[in-house]
Amino acid sequence: MPRPSWFDAQAAPDALKQAGCFSRAERHVRHRLHDNTQEPSRDSEAQPQTPDQAFTRISELANGLVSMRDLDLSMKSLGPNGGFRVADMLLKNGCLVKLNLAANDLHPEGVAAVAKALFHNKTVKVLNLHANHGNFQGAFAVGDLLKKNSTLVDLEMSCNEIGAAGAVAIFIALKDNKSLTKLNLALNHIGPEAGFALADMVRINQTLVDLNLHGGHLGPDAGVDLADALLENRSMLRLDLVDNDLGLAGLRSFVAALRFNSSLTQLPIWNNCGPLCGRPQSSEKEELERLLSSMVKVNQEKRSIWTNACASHAPRLESSEAASRCPHNNHGFSYDHHRVSAR
């Protein structure tokens with residue numbers, strides 16, 4: 001049976017509706033749901049299409065009867081018990097690289113079981129736990145995972161109701177994590193309480209490249225702290241801050257930070273004033289958004305120039321790898337808090 005369109009609200013799965021993800025950011029979330037299966041997969045024909053097929057495939061993988069690198073179990077109604085069965089499979093399987101468990105109602109116990117299994121699994125690099133009601137308990141388990149696992153590079157935890165406590169646990173873990181490059185925490189209502197831990201992580205972590213905090217409702221103070229942390233961050237390329245109630249103070253802080261940060265090349269930051277900005281301030285908000293957009297484009301151009309320059313000196317490397325190895329990939333600047341100096 002063909003998959004329903006992710007942009008067709010009538011065809012949306014019940015599990016996602018119950019998770020409360022179809023709000024202002026529904027297009028964004030549905031796009032992210034299958035973010036790790038956008039490219040054609042070598043295992044696409046072998047993916048289970050029903051819950052029964054999903055459980056059968058889990059058993060086959062656990063017993064070594066089949067070999068797969070990419071397993072899509074999204075929307076298969078696995079439940080917490082299914083989470084335990086997936087965890088058991090992960091302890092026995094040594095081939096799986098991508099695992100999609102989105103919208104399965106795993107709940108905290110199922111999410112925790114999968115996370116604990118990945119303490120020992122050394123092959124899974126991409127994990128999608130979107131919309132599983134993980135709550136803060138599940139986030140705590142994921143935080144423990146990020147402290148011990150050095151294989152995972154892409155983690156999807158959007159729409160899991162982790163709140164401030166869960167977000168803080170993940171941010172603290174990422175201070176020492178050297179492998180994760182992409183993290184999606186969209187629509188988790190993180191709140192301003194997690195702002196300090198977030199800023200501290202961004203200041204210390206120099207591995208994370210893509211961080212999605214869409215709909216996190218961070219507030220102005222957390223926005224100011226986060227912008228300040230970017231002055232010391234050299235790795236972040238994409239930061240999604242849409243719908244975070246940053247207000248004019250937050251927007252001004254990011255304008256100031258981008259005068260010195262030349263690494264950030266994507267910064268979705270619209271819908272950040274709401275009731276905080278009255279009509280007199282709306283013109284300033286629009287001007288700040290335009291300024292941020294132009295500053296990010298300048299960074300994109302700089303990065304493109306340096307990537308091409310490095311690639312020309314390392315023709316056997318992929319352009320992204322060449323950029324990461326290039327001594328000029330920070331555009332010739334060294335960062336110090338609140339000031340920048342040419343090398």
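Scope of this entry: the structure provided in the associated data block.

Basis of the calculations
- Residues numbered from 1 in each chain as written.
- Predicted model: local features only at pLDDT ≥ 70, side-chain atom pairs only at ≥ 80, totals over all residues.
- Heavy atoms only, no water.
- Salt bridge = Lys/Arg side-chain N within 4 Å of Asp/Glu carboxyl O.
- Helix = DSSP H or I, 4+ residues; strand = E, 2+ residues; numbered from the N terminus.
- Buried < 20%, exposed > 50% of the residue type's maximum accessible area, 1.4 Å probe, protein only.
- Axes fitted to C-alpha atoms, helices over the stretch in contact; angles between N-to-C directions.
- Parallel < 35°, antiparallel > 145°, perpendicular 65-115°, else oblique.
- Contact = heavy atoms within 4.5 Å.
- Nonpolar A, V, L, I, M, F, W, Y, C, P; charged D, E, K, R; others polar.
- Pairing = 2+ DSSP bridges.
- Phe/Tyr/Trp six-rings, centres within 6.5 Å; stacked < 30°, edge-to-face > 60°.

## Observations concerning the pattern of salt bridges
- Scanning the model with the defined rule gives 10 salt bridges in all.
- The shortest N-O distance in the salt bridge between Asp210 and Arg238 comes to 3.8 Å. Here Asp210 is found in strand β6 (residues 210-212), whereas its partner Arg238 is found in strand β7 (residues 238-240), with 28 residues between them in sequence.
- Judged by its relative accessible area of 13%, Asp210 falls in the buried class.
- Classification of Arg238 by relative accessible area gives buried; the value is 15%.
- Where Glu289 meets Lys285, a salt bridge forms, and the shortest distance between an N and an O atom there is 3.5 Å. Of this pair, Glu289 and Lys285 are both found in helix α11 (residues 279-313), 4 residues apart, which corresponds to roughly one turn of the helix.
- Residue class for Glu289 comes out partly exposed when judged on its relative accessible area of 21%.

## Brief notes about the packing of helix α8 (residues 195-204) against helix α9 (residues 220-229)
- Contact pair α8 / α9: the axes reach a minimum separation of 8 Å and the direction vectors enclose 10°. Comparing the axis directions of α8 and α9 gives the class roughly parallel. Touching Gly195, Leu198, Ala199, Val202 and Arg203 of α8 are Ala222, Asp225, Leu226, Asp228 and Ala229, all from α9.
- Here the residues of the contact of α8 with α9 are counted per class, giving 6 nonpolar, 1 polar and 3 charged.

## With respect to the sheet that holds β6
- A sheet is described by the order of its strands in space; here 7 strands give the open sequence β1-β2-β3-β4-β5-β6-β7, paired in parallel fashion. At either margin of the open sheet sits one strand with a lone partner, and together these are β1 (70-72) and β7. Neighbour-to-neighbour, the strand axes of this sheet turn through a mean angle of 0°, independent of strand direction.

## Considering the environment of Ala54
- Here Ala54 is to be found in helix α3 (residues 51-62).
- Considering only alpha carbons, one finds Ala54 and Leu78, 24 residues apart in sequence, at a separation of 8.3 Å.
- In this view, Ala54 contacts Pro48, Leu73, Lys76 and Leu78; residues no more than four positions away in its chain are not counted.

## Some words on unusual backbone geometry
- Phi at His107 is positive, roughly 65°, even though this residue is not glycine.
- On the basis of relative accessible area, His107 is assigned to the partly exposed category, the value being 30%.

## A few points about the packing of α9 against helix α10 (residues 247-257)
- Two numbers describe how α9 lies on α10: the axes approach to 8 Å, and their chain directions differ by 5°. By the angle between their axes, α9 is roughly parallel relative to α10. Along the contact surface, α9 presents Gly223, Val224, Leu226 and Ala227, while α10 presents Ala249, Gly250, Ser253, Phe254 and Ala257.
- Here the contact of α9 with α10 is built from residues that sort into 6 nonpolar, 3 polar and no charged.

## As for the packing of aromatic side chains
- Summed over all chains, the structure comprises 1 aromatic pair.
- Between the aromatic rings of Phe136 and Phe140, the centroid separation amounts to 5.5 Å while the plane-to-plane angle is 70°, which identifies the pairing as edge-to-face. Pair noted here: Phe136 and Phe140 are both in helix α6 (residues 135-148), with a separation of 4 residues, about one helical turn.
- We classify Phe136 as partly exposed; its relative accessible area is 35%.
- Here Phe140 falls in the partly exposed class, since its relative accessible area comes to 36%.

## What to know about the side chain of Ser179
- Locating Ser179 in the fold gives a position in the loop between α7 (163-174) and β5 (182-184).
- With a relative accessible area of 12%, Ser179 lands in the buried category.
- Here Ser179 is in contact with Asn149, Ser150, Thr151, Leu152, Val153 and Thr207, once residues within four sequence places are set aside.

Fair warning: the whole summary comes from geometry, so function is off the table for now.
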